[in-house]
Amino acid sequence: MFFKCYKKIDALGRVQIPKEFRRELELGENDDILIEISDGRIVISKAVQNCVFCGESDGLTEFHDKFVCKNCIKILNTT
Ligand SMILES: [Zn+2]
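Everything quoted here is computed from the prediction, not taken from an experiment. (Residues numbered from 1 in each chain as written. Predicted model: local features only at pLDDT ≥ 70, side-chain atom pairs only at ≥ 80, totals over all residues.)

**Q** Please clarify how the environment of Ile-17 should be interpreted in this entry.
**A** Topologically, Ile-17 is positioned in the segment before helix H1 (19-24). When the 13 C-beta atoms within 10 Å are taken as the criterion, Ile-17 is described as partly exposed. It is 11 Å that separates the C-alpha atoms of Ile-17 and Phe-3, two residues lying 14 residues apart in sequence. (Helix = DSSP H or I, 4+ residues; strand = E, 2+ residues; numbered from the N terminus. Buried ≥ 20, exposed ≤ 12 C-beta atoms within 10 Å, placed from the backbone.)

Structure (structure tokens):
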């Protein structure tokens, strides 16, 4: 599916993401997004947090802006 539309940036730098776009990516209120610049474009993606060690996405604990899963915390605590 390809979506395209023109939007204006408001005085605070905000842009509203159209409802159809949010529905397509299953983005809801308070969901985390990732914003990055790539090849001169601003790319907005649904944020998916993963454990920095094993890539697990469930049961994460945030530490210094990184995410670590329960299993890796257990391993780190025993080594
Ligand atoms: Zn892990």
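**Q** Is there a simple way to think about the domain arrangement of the protein chain in this case?
**A** Taken domain by domain, the protein chain holds domain 1 (1-47) and domain 2 (49-79). When each unit is reduced to the centre of its C-alpha atoms, the spacing between domain 1 and domain 2 is 28 Å. (Domains from an automatic or database assignment.)

**Q** Would you take a moment to explain unusual backbone geometry for this structure?
**A** Peptide bonds are, in most cases, trans, and in most cases residues other than glycine have a negative phi. Backbone geometry places Asn-30, a non-glycine residue, at a positive phi of 70 degrees. Tracing the backbone shows Asn-30 in the loop between H1 and strand S1 (33-38).

**Q** Whenever I open this one, the pairing of S1 confuses me. Can you help?
**A** In summary, the side chains of a regular strand alternate between the two faces of the sheet. Burial runs low along S1: only 0 of the 6 residues are buried. Where S1 and strand S2 (residues 41-46) come together, 6 bridges link them in antiparallel fashion. Its bridge partner being in S2, Ile-37 is matched across the sheet by Ile-42. In this structure, the hairpin formed by S1 and S2 is closed by a connection of 2 residues, where Asp-39 is found at a positive phi of approximately 50 degrees. (Pairing = 2+ DSSP bridges.)

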